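Tertiary structure, described
The lines below spell out each chain.
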Amino acid sequence: MAKTKRILLHLVCSVCKSRNYTTEKNPDSAAAKGKVGEGKDKLLLKKFCKWCRKVTEHKELKI
Ligand SMILES: [Zn+2]
């Protein structure tokens, strides 16, 4: 069984909607976390947006 399956995600600036970053999520660890609060396990990261020229919240978006 292939256990290295990963989900690719964009990190989208919540202000200007630019896809500034690409990240990977491991479905195994995501499922383990999902036991607590499944459904609203949305990644929300503070990242620097070069378009806004400041740190903004970036949301995950499936590719
Ligand atoms: Zn932005």
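Residues numbered from 1 in each chain as written. Predicted model: local features only at pLDDT ≥ 70, side-chain atom pairs only at ≥ 80, totals over all residues.

With that settled, the discussion passes to the pairing of strand S4 (residues 54–62). By the bridge criterion, five bridges tie strand S1 (residues 7–13) to S4 in an arrangement that is antiparallel. Note that in S4 the partner of His10 across the bridge is Leu61. (Pairing = 2+ DSSP bridges. Helix = DSSP H or I, 4+ residues; strand = E, 2+ residues; numbered from the N terminus.)

Below, the discussion takes up the pairing of strand S2 (residues 19–25). The pairing of S1 with S2 spans six bridges and is classified as antiparallel. If you follow Leu9 over to S2, its bridge partner there is Thr23. Adjacent in sequence and paired antiparallel, S1 and S2 are bridged by five residues, among which Lys17 carries a positive phi angle near 65°.

The strand order S2-S1-S4-S3 describes an open sheet built from four strands, whose pairing is antiparallel. The open sheet has two free edges, formed respectively by S2 and strand S3 (44–49), since each of these has just one partner strand. Ignoring strand direction, the axes of neighbouring strands in this sheet form an average angle of 40°. (Axes fitted to C-alpha atoms, helices over the stretch in contact; angles between N-to-C directions.)

A positive phi angle is found at Lys17, which is not glycine, with a value near 65°. Tracing the backbone through its elements, the reader meets Lys17 in the loop between S1 and S2. Positive phi is not limited to glycine here, since Arg53 has a value of about 60°. Considering the arrangement of structural elements, one finds Arg53 in the loop between S3 and S4. Given 8 C-beta atoms within a 10 Å radius, Arg53 is considered exposed. (Buried ≥ 20, exposed ≤ 12 C-beta atoms within 10 Å, placed from the backbone.)

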